[in-house]
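# Structure assessment
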Amino acid sequence: QISLARMIQKANPTVKIDFSQIRDRHSGNPSPQFPLPKGEGEGEGGKYLLAENYPLEKKIKELNIESLIQTNPKKDNADVISKVRSIRSLPFILLLLFLCFFLALPLVSTLAFSFLGFVILGNAKTAIEDGNLSDAQKSNNASRLFFNLAQKSSGLLLTQAKLIGQESSLTPIIRNLSLGQDLSMVARYGLDASRILSQVFMGRSINPKEDFTKGTSLLKNATVLFRQNQAEAKSDLAKEGVPKDLLAKARSMDSVIKIAENVIDVLPSLFGFDGKKTYLVLFQNNMELRPGGGFIGSYGLLKLDLGRIDFSIHDIYDADGQLREHVEPPFAIRRHLNLPHWYLRDSNFDVDFARSASSAGLLLSKELGKRVDGVIGVDVSFVKSILEAVGPVYVADYKETVTSSNLFKLAQSHAEKNFFPGSRQKKDFLKSLFNAMQLNITFRESLPYLPLAKTISESVFRKHLLFAFNDKGLQDLFTVNNWSSTLWGAPDGAPSTSINDFLGINEANLGVNKANYFVKRELFHNVNIDDKGNISQTLKIEYENSSNAWPGGDYTNYLRVI
């Protein structure tokens with residue numbers, strides 16, 4: 001132990017060594033502080049303890065500890081020289097890294113800012129869909145900021161690319177940046193237009209004509225920019241780097257834009273800026289199919305004066321009960337419904353909706369003495385799609401929550417069952433439902449504007465929402481766009497070698513029930529043209545009616561094939 005202590009002290013002279021004895025408190029004799037078992041070779045003790053006669057000092061000397069703890073001067077000098085050289089080369093490395101970073105910064109910042117711009121622009125569109133215009137405005141402003149930053153950094157990037165003759169390789173990046181900037185402007189124009197026009201429609205505008213002009217101008221700017229963006233997006237180069245979900249959302253608005261760009265110039269006339277307008281709205285139940293869309297159970301009067309909307313809904317039998325002169329009904333109505341007069345509820349019997357609308361306007365005039373500037377037809381499917389867009393609506397008068405899935409059932413149970421002419425059931429329920437929907441749309445904090453606009457536009461294209469006008473210019477516009485379900489022939493000057501082939505299936509349910517809800521049909525149409533150019537066609541229609549009781553029943557179908 002003394003030898004080991006001296007070895008330690010020699011290696012490190014600062015180590016102090018003390019000796020002490022602890023006496024046994026019983027016997028008073030010195031005792032070791034750490035009792036150790038006897039060493040190996042004596043039959044007991046730890047396995048690795050040294051025996052009493054182990055040559056400890058000799059073994060320690062053989063280890064040559066002093067040489068082991070000495071340093072290697074040559075190695076130390078080499079390390080010092082290497083460290084000095086590393087320190088001297090450090091500024092050069094840092095400068096090189098800085099230059100590389102500086103050269104790459106325009107590219108990195110342009111790509112990063114563009115990407116953030118597209119992501120936040122997608123958030124803006126989602127906020128619009130959720131009806132949160134405040135968040136949409138904030139997100140759109142942020143996206144424009146990132147696109148502007150990307151635009152500034154792209155200028156330096158183009159300068160760098162020109163120095164090495166690679167400016168053409170930046171074309172996709174620059175196109176995407178321009179596309180993003182335009183899309184953000186489309187969103188800005190649309191948001192501003194919706195804010196201004198909503199004030200006009202709700203009668204809150206101080207100068208409605210000026211505000212309407214401003215709103216429609218913004219809307220026109222949005223449609224023009226959207227079409228430009230759409231053309232850019234069709235390019236393969238422009239698609240690189242643009243989030244696919246954003247392009248998909250932009251394409252989903254095509255039907256809305258198509259209607260907006262076609263009617264933008266006639267909106268002042270439609271909304272009563274050149275004189276008050278009154279439109280007859282026919283609520284048609286397509287569960288009881290009629291040529292114009294369905295049986296007319298209720299009607300509404302939509303009045304527009306300088307953009308302000310006033311709408312009321314009425315029972316069709318209230319008007320029909322005031323007919324004071326005979327109007328000869330169509331042959332099928334007189335024969336199969338056994339009605340001597342023609343009433344407003346059966347006015348939509350022509351296969352051409354514009355002609356049916358003309359009949360409806362005439363009958364309304366004879367019944368109530370009111371003249372209208374146009375007719376709008378809506379069916380149950382349209383109301384259902386509106387409910388899908390805005391969500392469930394609670395009708396307090398009936399203590400019912402109306403959804404797109406239970407609309408038909410509730411309408412039938414509250415308005416049709418035990419109904420008779422003169423009853424106010426139908427009027428009261430539909431009026432309550434409309435008032436609830438109007439309040440829901442007008443006063444809710446967040447309105448899904450884009451889904452609502454898409455629903456309306458898709459309903460127009462699917463003929464669940466139809467228009468007809470007295471003004472020939474307006475009517476021609478809606479006819480050529482196929483928004484009036486109007487029959488019109490081939491354009492003048494069509495080549496003589498062309499064949500105007502068409503097929504229309506037109507049905508009228510004269511069974512006084514809602515069988516069409518339960519009817520399925522399948523059509524088989526074959527067209528054959530022989531060597532001489534003669535055309536022969538065969539048409540087969542198969543019907544399946546799964547109902548046998550109210551509100552369904554036998555399907556009495558007055559069928560016309562065009």
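To be clear, the structure that these remarks concern was listed above.
Thresholds applied
Residues numbered from 1 in each chain as written. Predicted model: local features only at pLDDT ≥ 70, side-chain atom pairs only at ≥ 80, totals over all residues. Heavy atoms only, no water. Pairing = 2+ DSSP bridges. Helix = DSSP H or I, 4+ residues; strand = E, 2+ residues; numbered from the N terminus. Axes fitted to C-alpha atoms, helices over the stretch in contact; angles between N-to-C directions. Contact = heavy atoms within 4.5 Å. Polar contact = N/O pair within 3.5 Å; in protein donor to acceptor, adjacent residues only side chain to side chain. Phe/Tyr/Trp six-rings, centres within 6.5 Å; stacked < 30°, edge-to-face > 60°. Lys NZ or Arg CZ within 6 Å of the ring centre and 35° of its normal. Parallel < 35°, antiparallel > 145°, perpendicular 65-115°, else oblique. Left-handed = near helix turned anticlockwise from the far one by under 90°. Nonpolar A, V, L, I, M, F, W, Y, C, P; charged D, E, K, R; others polar.

## Quick notes on the sheet that holds strand S6 (residues 374–379)
The strand order S5-S4-S3-S6-S9 describes an open sheet built from 5 strands, whose pairing is mixed. Every interior strand has two partners, whereas the edge strands, strand S5 (308–315) and strand S9 (465–469), have only one. Going from strand to strand, the sheet's axes swing by 20 degrees on average, the running direction of each strand aside. Taken strand by strand, helix H15 (residues 380–390) contacts strand S3 (277–285), S6 and S9, and its axis lies near 70 degrees from that of S6.

## Overview of the side chain of Glu507
Here Glu507 lies in strand S10 (residues 505–509). A polar contact is formed between the side chain of Glu507 and the side chain of Arg521, at a distance of 2.9 Å. A distance of 2.4 Å separates a polar atom in the side chain of Glu507 from a polar atom in the side chain of Tyr555. Not counting the four nearest positions on each side in its chain, Glu507 is found in contact with Leu289, Arg290, Pro291, Asn516, Arg521, Tyr543, Tyr555, Asn557, Tyr558 and Leu559.

## Regarding the packing of aromatic side chains
Two measures describe an aromatic ring pair: the distance that separates the ring centres and the angle between the ring planes. Scanning the entire structure with this criterion turns up 13 aromatic pairs. Among the aromatic residues, those joined into a ring-pair cluster are Tyr279, Phe461, Phe467, Phe469, Phe478 and Trp483. One Lys or Arg, Lys540, reaches over the ring of Phe524 and ends 5.7 Å from the middle of that ring.

## A word on the packing of helix H10 (residues 254–263) against helix H18 (residues 449–461)
With their axes 8 Å apart at the nearest point, H10 and H18 run at an angle of 75 degrees to one another. If you check the angle between H10 and H18, you find them roughly perpendicular. Taking contact as the criterion, the partners of Ser255, Val256, Lys258 and Ile259 in H10 are, on H18, Ala453, Lys454, Ser457, Glu458, Val460 and Phe461.

## As for the packing of H15 against H18
The geometry of H15 relative to H18 is characterised by a closest axis approach of 9 Å and an angle of 165 degrees between their N-to-C directions. Relative to H18, the element H15 lies roughly antiparallel. Where H15 crosses over H18, the handedness of that crossing is right-handed. Counted together, Phe382, Ser385, Ile386, Ala389 and Val390 of H15 and Pro451, Leu452, Thr455, Ile456 and Ser459 of H18 form the full contact between these two elements. Along the lines of polarity and charge, the residues of the contact of H15 with H18 split into 7 nonpolar, 3 polar and no charged.

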